[in-house]
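# Survey of secondary and tertiary structure
One letter stands for each residue in the lines below.
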Amino acid sequence: MTLDDYNAFCASLAATSHVVQWGGAHVWKVGGKVFAIAGWSGGKPLAVTFKCSDMAYAILQEQPGLRPAPYLASRGMTWIQRQSDESMADDALRDYLRESHRLIALKLTKTLRQQLGLNG
């Protein structure tokens, strides 16, 4: 997945906003809350970080090309960083980004979800 692909996909999700922060990371938010982070790392492929369920986290953290997300996972949060497509193809990454968006949106207040046109 290229940075352009990542940004286009995240932009296609409901009620999202984009900002470049934290040293050039492309950060996507729903209702002001982060659901995806991506950036280039020294010429390596795009690293993409996303929130996932406890069960997905337990499985994904053991897979090649994936790791607990720096900073976030060390604080007890279930965030994974895909560093390569070795064990997660782009289609699966899009599914996880969609799920991350959903999980973060669920944490918003009911009023805010309604204002943003999100289900629930």
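What comes next concerns the included structure. Keep in mind that what you see is a predicted model, and the values were worked out from it rather than measured. (Residues numbered from 1 in each chain as written. Predicted model: local features only at pLDDT ≥ 70, side-chain atom pairs only at ≥ 80, totals over all residues. Heavy atoms only, no water.)

## Here we look at the overall build of the protein chain
Definition in use: Numbering of helices and strands runs from the N terminus, with a helix taken as a DSSP run of H or I at least four residues long and a strand as a DSSP run of E at least two residues long. C-alpha atoms define the radius of gyration in this analysis, and the globule rule sets the expected value at 2.2 Å times the number of residues to the power 0.38. Only protein chains enter the accessibility calculation, which uses a 1.4 Å probe. A residue is then buried if its area is under 20% of the maximum for its type, exposed if over 50%, and partly exposed in between. Residues are treated as being in contact if the distance between any of their heavy atoms lies within 4.5 Å. The Shrake-Rupley method, run with a 1.4 Å probe sphere, supplies the accessible areas, and residue values consider only the shown protein chains as cover. Only four residue types enter the tally: Lys and Arg on the positive side, Asp and Glu on the negative side, with His and both chain ends excluded. A single reference atom marks each charge: NZ on Lys, CZ on Arg, CG on Asp, CD on Glu.
Broken down by element type, the protein chain carries four helices and six strands. Helices (α) and strands (β) of the protein chain occur, in sequence order from the N terminus, as α-β-β-β-β-α-β-β-α-α. Compactness check: the protein chain gives a C-alpha radius of gyration of 14 Å against a globular reference of 14 Å for 120 residues, within 12% of the reference. Dimensions of the protein chain, computed from the C-alpha atoms along their principal axes, are close to 40 × 30 × 25 Å. Residues classed as buried in the protein chain amount to 42% of the 120 residues present. Sequence-distant contacts, at least 24 apart, represent 44% of the contacts inside the protein chain between residues at least 6 apart. When the accessible surface of the protein chain is totalled, it reaches about 6,500 Å², and 52% of it is carbon and sulfur. Here the protein chain contributes 13 positive and 10 negative side-chain charges, whose respective centroids are spaced 13 Å apart.

## A short note on the environment of tryptophan 28
Its location among the elements puts tryptophan 28 in strand β2 (residues 25–30). Relative accessible area serves as the criterion here: at 7%, tryptophan 28 is assigned to the buried category. For the pair formed by tryptophan 28 and asparagine 7, sequence separation is 21 residues and the distance between their alpha carbons is 8.3 Å. Dropping the residues within four chain positions of it, tryptophan 28 is found in contact with Tyr6, Asn7, Cys10, Ala11, Thr16, Ser17, His18, Lys33, Val34, Phe35 and Ala36.

## Re the pattern of salt bridges
Convention followed: Take a side-chain nitrogen of Lys or Arg and a carboxyl oxygen of Asp or Glu: if they are within 4 Å of each other, that pair is a salt bridge.
Within the structure shown, the criterion is met by four salt bridges. Where aspartate 90 meets arginine 82, a salt bridge forms, and the shortest distance between an N and an O atom there is 3.0 Å. Judged by relative accessible area, which is 3%, arginine 82 ranks as buried. The salt bridge partner of glutamate 99 is arginine 102, with a shortest N-O separation of 2.8 Å. Here the residue glutamate 99 and the residue arginine 102 both occupy positions in helix α3 (residues 90–106), the gap between them amounting to three residues, near one helical turn. Note on arginine 102: relative accessible area 41%, which makes it partly exposed.

## Things to note about the side chain of asparagine 7
In this structure, asparagine 7 sits in helix α1 (residues 3–12). Among residues more than four places away in sequence, those in contact with asparagine 7 are His18, His26 and Trp28.

## What to know about α1
Definition in use: An arc is given here, and it is the one of the directions from the helix axis to the C-beta atoms.
Looking only at α1, the buried set comprises Leu3, Tyr6, Asn7, Phe9 and Cys10. In an axial view of α1, the angular spread of the buried residues amounts to 165°, which keeps them on one side of the axis. Exposed residues on α1 whose side chains face more than 90 degrees from its buried face are Asp4 and Ser12.

## Observations regarding the packing of α1 against α3
Put simply, the rule reads: For helices, the fitted line uses only the C-alpha atoms of the stretch in contact; every axis is such a line through C-alpha atoms, and the angle between N-to-C directions lies from 0 to 180 degrees. By definition in this entry, angles of less than 35 degrees are roughly parallel, angles greater than 145 are roughly antiparallel, angles of 65 to 115 are roughly perpendicular, and the rest are oblique. Note on convention: the crossing is left-handed when the near helix lies turned anticlockwise from the far helix by less than a right angle, right-handed when the turn is clockwise. Under this grouping Gly is polar, as are all residues other than the nonpolar Ala, Val, Leu, Ile, Met, Phe, Trp, Tyr, Cys and Pro and the charged Asp, Glu, Lys and Arg.
In contact at an axis separation of 10 Å, α1 and α3 are set at 40° when each is read in the N-to-C sense. Classified by the interaxial angle, the pair formed by α1 and α3 is oblique. The handedness of the crossing between α1 and α3 comes out as right-handed. Contact residues: Tyr6, Phe9 and Cys10 in α1; Arg94, Leu97 and Arg98 in α3. Of the residues that constitute the contact of α1 with α3, the class distribution is four nonpolar, no polar and two charged.

Any functional reading would require information that these geometric values do not contain.
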